[in-house]
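# Topology and contacts: notes
Chain by chain, the residues:
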Amino acid sequence: MPVRVQPEDFDISAEIRALRAGRNDVGAVASFIGVMRDFNEGSGVTELTLEHYPGMTEKALQQILDEAHGRWRLQDALVVHRVGCLRPADQIVLVVALSAHREEALAACAFIMDYLKTRAPFWKKERTPAGERWVESRASDDEAAGRWLGGERP
Amino acid sequence: MATVQMLYFARLREVLGIERERLVLPDDVTTAGELRAWLARRGDAWAVELDPKRQVRIAVNHDLAGAGQALADGDEVALFPPVTGG
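All values derive from a computational prediction rather than experimental measurement. (Residues numbered from 1 in each chain as written. Chains lettered and ligands numbered in written order. Predicted model: local features only at pLDDT ≥ 70, side-chain atom pairs only at ≥ 80, totals over all residues. Heavy atoms only, no water.)

## Some details on the confidence of the model for chain B
Here is the rule we go by: Each residue carries a pLDDT score, the predictor's confidence in it, ranging from 0 to 100.
Per-chain confidence: chain B averages 97 in pLDDT, with 100% of residues scoring 70 or above. The complex prediction reports pTM at 0.94, with the ipTM value standing at 0.95.

Structure (structure tokens):
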């Protein structure tokens, strides 16, 4: 499955091996891993809970992959996103894009992450020394997603 | 008269104190935007959270919807804050 939402951790090597299996036309494998850090907005974070909207989240992620396939010539692409309770240094999200050439694989990987950040229904709640708080969305994420409008191809 | 299945997520679910409910819409509530305004008239936290100045996302049948999106009987409508995954 090109889209997975799961509480379990993932292994980037195994994921890329499975995605590349049986293909000899791949010239570029671009990947991104989002990791939980132990600070945000000026305070320590000891725990992160990720909530999602079952059904819509998978559909939104698939739509983002479909759009990436429409913009670049990709052999395949994958998103794995974790939900549930995470600790600092835990992996959160994996994106992999396969293409014949690096420009397309790298651009698609960045595009998928930018759109995931603003369109896929996930929400983060942080535990800090001062208590729990929901993470606020950032204007910089909207700007990052906005740069793909108008057909710009960095 | 349309009946919709409402879902609430993340901070909105906590502040409003509700996860899901089935709603029979009055005849003058026919769009996503009208539904939001109608729910805001419940007052208290509903009025605060669904105030037009607050950023609230609406999804209809698993797709993000604009305020003008028409609602139909049996729709699943979700209200949630801007997303923060990744």
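Now that the structure has been shown, the text picks up again.
## So, unusual backbone geometry
All names here are of chain A. Note the following rule: Only DSSP runs of H or I reaching four residues or more are called helices, and only runs of E reaching two or more are called strands; each is numbered from the N terminus.
Although it is not a glycine, Glu 41 sits at a positive phi angle of roughly 50°. Relative to the helices and strands, Glu 41 resides in the loop between β3 (39-40) and β4 (43-44). The backbone of Ala 89 shows a phi angle near 80°, a positive value even though the residue is not glycine. Tracing the backbone through its elements, the reader meets Ala 89 in the loop between β7 (84-86) and β8 (91-99).

## Quick look at the sheet that holds β8(A)
In a beta sheet, neighbouring strands pair by backbone hydrogen bonds and run either parallel or antiparallel. Residues and elements named next belong to chain A. Rule in force here: Any two strands between which DSSP finds at least two bridges are classified as paired. Here, axes are lines fitted to C-alpha atoms. For helices the fit covers the stretch in contact, and angles between N-to-C directions go from 0 to 180 degrees.
Across the sheet, which stays open at both edges, the four strands sit in the order β1-β6-β8-β2 with mixed pairing between neighbours. In this open sheet, the two edge strands, each paired with only one partner strand, are β1 (3-6) and β2 (28-35). In this sheet, neighbouring strand axes are inclined to one another by 10° on average, regardless of whether the strands run parallel or antiparallel. Note that β1 and strand β6 (residues 74-82) share four bridges and pair parallel.

## What to know about the packing of aromatic side chains
Here is the rule we go by: Each Phe, Tyr or Trp ring, with Trp reduced to its six-membered ring, pairs with another whose centre is within 6.5 Å; inter-plane angles below 30 degrees give stacked pairs, above 60 give edge-to-face pairs, and intermediate values give tilted ones. Only when the NZ of Lys or the CZ of Arg is both within 6 Å of the ring centre and within 35 degrees of the ring normal is a charge said to sit over the ring.
Going through the model one piece at a time under the given rule, you end up with ten aromatic pairs over all chains. Taken together, the ring pairs in this structure connect Tyr53(A), Trp123(A), Phe9(B) and Phe80(B) into an aromatic cluster. Lying over the aromatic face of Phe39(A), Arg37(A) brings its terminal NZ or CZ to 5.3 Å of the ring centre. The aromatic ring of Trp46(B) is capped on one face by Arg42(B), whose charged end is 4.4 Å from the ring centroid.

## Re the packing of helix α3 (residues 102-119) of chain A against helix α4 (residues 139-146) of chain A
All names here are of chain A. What counts, and what does not: Roughly parallel means an angle under 35 degrees; roughly antiparallel means over 145; roughly perpendicular covers 65 to 115; every other angle is labelled oblique. Crossings are classed by handedness, with left-handed meaning an anticlockwise turn of the near helix from the far one by less than a right angle and right-handed meaning a clockwise turn. In what follows, a contact means two residues having at least one pair of non-hydrogen atoms within 4.5 Å. Just so you know the grouping, Ala, Val, Leu, Ile, Met, Phe, Trp, Tyr, Cys and Pro go in nonpolar, Asp, Glu, Lys and Arg go in charged, and all remaining residues, Gly too, go in polar.
For the pair α3 and α4, interaxial distance at closest approach is 8 Å and the crossing angle is 135°. The angle between the axes of α3 and α4 places the two elements in the oblique class. In the packing of α3 onto α4, the handedness of the crossing is left-handed. For the pair formed by α3 and α4, the contact residues are Asp 114, Tyr 115, Lys 117 and Thr 118 on the first element and Asp 141, Asp 142, Ala 144 and Ala 145 on the second. Class assignment for the residues of the contact of α3 with α4 results in three nonpolar, one polar and four charged.

## A short note on the interface of chain A and chain B
Put simply, the test is: Summed over both partners, the accessible area lost on bringing two parts together, with a 1.4 Å probe, is the buried area. Take a side-chain nitrogen of Lys or Arg and a carboxyl oxygen of Asp or Glu: if they are within 4 Å of each other, that pair is a salt bridge. Throughout this description, a polar contact denotes any pair of N or O atoms lying within 3.5 Å of each other; where both atoms belong to protein, one of them has to be capable of donating a hydrogen while the other can accept it, and for residues adjacent in sequence the pair is counted only when both atoms sit in side chains.
Contacts between the two partners involve 26 residues from chain A, matched on the other side by 20 residues from chain B. Both faces combined, the contact of chain A with chain B buries some 1,900 Å², and carbon together with sulfur accounts for 56% of it. If you look at where chain A meets chain B, you find three salt bridges. Here Glu14(B) ties to Lys125(A) by a salt bridge, and the two come within 2.5 Å at their closest N and O atoms. Along the contact surface separating chain A from chain B lie 15 residue pairs in polar contact (both at pLDDT 80 or more). Within the residue set of the side of chain A that touches chain B, elements represented by two or more residues are β5 (47-52), α2 (56-71), β8, α3 and β9 (122-128) of chain A. Residues that form the side of chain A that touches chain B fall into these classes: 13 nonpolar, six polar and seven charged.

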